[in-house]
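Examination of the molecular architecture
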Amino acid sequence: MKSILNYYKSMALWSFIVTLGITIINPELILALSTKLFLVFVLWFLISDRKVRQRLRFYRIRGVSNMKFFTVIFLFDGLLTTSFLLLIKGFI
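What counts and how
Residues numbered from 1 in each chain as written. Predicted model: local features only at pLDDT ≥ 70, side-chain atom pairs only at ≥ 80, totals over all residues. Heavy atoms only, no water. Helix = DSSP H or I, 4+ residues; strand = E, 2+ residues; numbered from the N terminus. Phe/Tyr/Trp six-rings, centres within 6.5 Å; stacked < 30°, edge-to-face > 60°. Buried < 20%, exposed > 50% of the residue type's maximum accessible area, 1.4 Å probe, protein only. Patch = residues over 30% accessible without salt bridge, like charges linked within 9 Å, V, L, I, M, F, W, Y side chains within 5 Å. Areas by Shrake-Rupley, 256 points an atom, 1.4 Å probe, with all protein chains shown as cover. Salt bridge = Lys/Arg side-chain N within 4 Å of Asp/Glu carboxyl O.

Considering the environment of Ile 30
Position of Ile 30 among the secondary structure elements: in helix H2 (residues 29-47). Sequence separation between Ile 30 and Thr 82 is 52 residues; the distance between their C-alpha atoms is 9.4 Å.

Next up, the structure:
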């Protein structure tokens, strides 16, 4: 679990930028979570690329399956996105 969250640190800035974009366009929770789920699937397909898979190899070494890896990333990112959107909606 810790290794997955360590990997998420490298994606956190990009995830926050996407969340800000969604907030500016249409701050709906379903849209935000659907977009994040789509991006997780895109990352999953990128894993099939050999060069990308080599960069992400460390989570394989620790015995984390692809399903657990992407599920934890989506759930953690979804929790952060939901929290951010609920805070922003309180001020809008």
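Topic: the packing of aromatic side chains
In total, this model carries three aromatic pairs according to the counting rule given. Judged by centre distance (5.3 Å) and plane angle (75 degrees), the ring pair of Phe 16 and Phe 84 falls under edge-to-face. With a gap of 68 residues between them, Phe 16 in helix H1 (residues 2-25) and Phe 84 in helix H5 (residues 66-91) connect regions that are remote in the sequence. What makes Phe 84 buried here is its relative accessible area of 19%. Relative to Phe 70, the ring of Phe 69 lies with its centre 5.0 Å away and its plane at 80 degrees, an arrangement referred to as edge-to-face.

Structural notes on a nonpolar patch on the surface
Among the surface-exposed residues, Phe 38, Leu 39, Val 42 and Leu 46 lie close enough to one another that they form a single nonpolar patch of about 340 Å² accessible area. Within the secondary structure, Val 42 sits in helix H2. Using a relative accessible area of 33% as the deciding quantity, one classes Val 42 as partly exposed.

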